[in-house]
Amino acid sequence: MEKHWLFRYRLYHLPFWVMYHYAWWVVSYGDPLRAANSILFTPHAVEFAFYVVFQAVAVYFNLYYLIPHYLQKGKNAAYMGYLALTLVTATLCIVGGYYLIPAPSDLCFWGFVGKVLPSTIASMTLAMSIKLAKHWMKTKERQQLLEKEKLETELRFLRNQFNPHFLFNSINSIFFLIHKNPDVASASLAKFSELLRHQLYECNEHHIPLDKEINFLENFIELEKLRQNKNTRIQVHFTDKPVSQLTIAPFILMTFIENAFKHVSGNEANWINIYLELEGETLVFRVSNSTTDKACSEYSGIGLQNAKRRLDLLYPNAYCLEIKESTDHFSIQLQITSFSGNAVETLPLAI
């Protein structure tokens, strides 16, 4: 639903700035009625309007242009320079309003500046304080949601992935390998142990090193290969670029891989393709598998909804998820832009 123009252009902020400046005039006059009379019925109305309009312009130019384009991108020197220029420009515009009304003879240009500049700085400081407070509250709320979502996800994975059926099949496969191929059995047991350790001990943070998550996925895939029939063709590509400095939310990729193995078709020509690569600052992740209409319908349910929910919380405005399904295959492509793994900390500021 399209927002009303009053909210789309944030014009509802205007009464706030009118009351804010009126409060200062009340302090200056010492009488609310005298202040209102001066604003409404004397030439000082021009002066008041200049304060409201040009300080509001300076405030929003700082909040919606300077901060996103310079401060949030680490261009601190440029931000301070443009901020100072904005302060000076707004001050000079407001000072011009004094020359449109009769002014006290003892006040000169620099006297006007001495009044206007501190007032403009105070307005911009107040606006930034409000914005930062809202940002902090939204970040806190999101972190609480993430904590709840993380706990629910961990419990769901412990139920679904390490349920008795999964444990039995994995252990049973390794047991038969002990007699058939002891070396492979030993390697599989090590992978199984690493899988359990990662689940239980290494994913207690909001973000973990990407190389650890890749190692976890590789171990999971190797164990799943033991359970698949010989007709399943599995192709896996994980990036060989250095990723030890990058982090990612645990299990954010696992959902798609797990479901590919869960819903892969049982036909003779069944297949699973998994691809993960870094392209510049973008993480590209693709999973596709052969499937059936029933499996496709199941996969499109709550599991996918939960995955999208976590992406919305963890990487707001920083990911693109494409889903394609047909009668014989299902595929997803996930792109996380400006990938650093800490997108949750870059909650967009909004007043």
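This one's a predicted model, so the numbers in the text were calculated from it and none came from an experiment.

Peer 1: Help me out: how do you make sense of the nonpolar core in this one?
Peer 2: Note that soluble globular proteins tend to have their nonpolar side chains buried in a common cluster. Membership of the largest hydrophobic core comes to 47 residues, with the highest contact counts inside it found for Phe256, Ile257, Ile274, Phe285, Tyr315 and Leu334. Tallying contributions element by element places helix α9 (residues 210–227) first for this core, with 7 residues. Apart from residues no more than four positions distant in its own chain, Ile257 is found in contact with Leu217, Phe220, Ile221, Ile274, Phe285 and Val287. Counting residues in each nonpolar core, the second largest holds 20 residues, with Ala35, Val59, Leu83 and Leu87 among its members.

Peer 1: What is the right way to look at the packing of aromatic side chains in this model?
Peer 2: Scanning all chains against the criterion turns up 11 aromatic pairs. Their ring planes at 75° and their centres at 5.0 Å tell us that Phe16 and Trp17 sit as a pair that is edge-to-face. Take Phe16: its relative accessible area is 38%, and that puts it in the partly exposed class. Of the residues examined, Trp17 reaches a relative accessible area of 4% and is grouped as buried. Between Tyr70 and Tyr82, the ring centres sit 5.0 Å apart and the planes meet at 40°, which makes this aromatic pair tilted. Taken together, the residues Tyr70 in helix α4 (residues 44–71) and Tyr82 in helix α5 (residues 76–98) connect sequence positions 12 residues apart. Exposure remark for Tyr70: the relative accessible area of 15% places this residue in the buried category. In textbook terms, an aromatic cluster arises when at least three aromatic residues are bridged by ring pairs, as seen for Phe61, Tyr65, Tyr70 and Tyr82.

Peer 1: What should I look at first to understand the pairing of strand β7 (residues 329–336) in this one?
Peer 2: Each regular strand carries side chains that alternate between the two faces of the sheet. Among the 8 residues of β7, 6 are classified as buried, and the element is accordingly described as predominantly covered. Bridge count between strand β6 (residues 319–325) and β7: 7 bridges; the pairing is antiparallel. Looking at β7, one finds that Glu322 is bridged to Gln333. Where β6 hands over to β7, the hairpin turn is made up of 3 residues, counted between the paired strands.

Peer 1: How should the side chain of His21 be read in this particular structure?
Peer 2: Along the chain, His21 turns up in helix α2 (residues 14–29). For His21, the contacting residues outside a window of four places in its chain are Phe48, Tyr51, Val52, Gln55 and Ser123.

Peer 1: Please explain the packing of α4 against α5 as it appears in this structure.
Peer 2: Helix packing geometry: the angle between the two helix axes and the distance between the axes. Where α4 contacts α5, the two axes come as close as 9 Å, and the packing angle between them is 170°. When the axes of α4 and α5 are compared, the pair comes out roughly antiparallel. Of the residues assigned to the contact of α4 with α5, the class counts are 18 nonpolar, 6 polar and 1 charged.

Peer 1: Please explain the confidence of the model for the chain as it appears in this structure.
Peer 2: Low pLDDT means the predicted atomic positions in that stretch should not be read closely. Per-residue confidence for the chain averages 78 on the pLDDT scale, and 79% of its residues sit at or above 70. At the level of individual helices and strands, the chain shows its lowest average pLDDT in helix α11 (residues 293–299), which scores 50, and its highest in strand β4 (residues 271–279), which scores 94. Contacts from residues 295–299, a stretch scored under 50 in pLDDT, to residues over four places away or in other chains number 12 contacts. This stretch, residues 341–351, has a pLDDT under 50; its non-local contacts, to residues over four places away or in other chains, come to 37 contacts.

Peer 1: Quick question: what am I supposed to make of the environment of His263 here?
Peer 2: Tracing the backbone shows His263 in helix α10 (residues 254–263). In sequence terms His263 and His329 are 66 residues apart; their C-alpha atoms lie 10.0 Å from each other.

Peer 1: Is there a simple way to think about the environment of Phe192 in this case?
Peer 2: Relative to the helices and strands, Phe192 resides in helix α8 (residues 182–202). With relative accessibility at 7%, the residue Phe192 sits in the buried group. Spatially, the C-alpha atoms of Phe192 and Ile174 are 9.4 Å apart, while their sequence positions differ by 18 residues.

Peer 1: For this particular structure, what's the right way to read the sheet that holds β7?
Peer 2: Strand-to-strand pairing in sheets goes through backbone hydrogen bonds, with the strands running parallel or antiparallel. In spatial order, the strands read β2-β4-β5-β7-β6; together these 5 strands make up an open sheet with mixed pairing. On the outer flanks of this sheet lie β2 (233–238) and β6, each paired with one strand and no other. Across the sheet, the axes of successive neighbouring strands diverge by a mean angle of 5°, strand direction being ignored. Judged from the 6 bridges that link them, β2 and β4 form a sheet pairing that is parallel.

Peer 1: What am I meant to see in the packing of α2 against α4 here?
Peer 2: Where α2 meets α4, the closest approach of the two axes is 10 Å, and the angle between their N-to-C directions is 130°. In terms of axis orientation, α2 runs oblique to α4. Viewed along their axes, α2 and α4 form a crossing whose handedness is right-handed. Across the interface between the two elements, Leu14, Trp17, Val18, His21, Tyr22, Trp25 and Tyr29 from α2 touch His44, Glu47, Phe48, Tyr51, Val52, Gln55, Ala56, Val59 and Tyr60 from α4. When the residues that make up the contact of α2 with α4 are grouped by side-chain class, the tally is 12 nonpolar, 3 polar and 1 charged.

Peer 1: Before we go on, may I ask you to explain α10 in this structure?
Peer 2: Because an α-helix completes one turn every 3.6 residues, residues spaced three or four positions apart along the sequence face the same direction. Burial analysis of α10 places 9 of its 10 residues in the buried class, which makes it a mostly covered element. Every buried residue of α10 is accounted for by Met254, Thr255, Phe256, Ile257, Glu258, Asn259, Ala260, Phe261 and His263.

Peer 1: Would you mind showing me how to read unusual backbone geometry here?
Peer 2: Negative phi characterises most residues that are not glycine, and trans characterises most peptide bonds. Phi at Asn317 is positive, roughly 60°, even though this residue is not glycine. Here Asn317 lies in the loop between α12 (302–314) and β6. Taking relative accessible area as the criterion, Asn317 reaches 72% and is therefore assigned exposed.

How each quantity is defined
Residues numbered from 1 in each chain as written. Predicted model: local features only at pLDDT ≥ 70, side-chain atom pairs only at ≥ 80, totals over all residues. Heavy atoms only, no water. Core = buried A, V, L, I, M, F, W, Y, C linked by side-chain atoms within 4.5 Å. Buried < 20%, exposed > 50% of the residue type's maximum accessible area, 1.4 Å probe, protein only. Helix = DSSP H or I, 4+ residues; strand = E, 2+ residues; numbered from the N terminus. Contact = heavy atoms within 4.5 Å. Phe/Tyr/Trp six-rings, centres within 6.5 Å; stacked < 30°, edge-to-face > 60°. Pairing = 2+ DSSP bridges. Axes fitted to C-alpha atoms, helices over the stretch in contact; angles between N-to-C directions. Parallel < 35°, antiparallel > 145°, perpendicular 65-115°, else oblique. Nonpolar A, V, L, I, M, F, W, Y, C, P; charged D, E, K, R; others polar. pLDDT = per-residue confidence, 0-100. Left-handed = near helix turned anticlockwise from the far one by under 90°.

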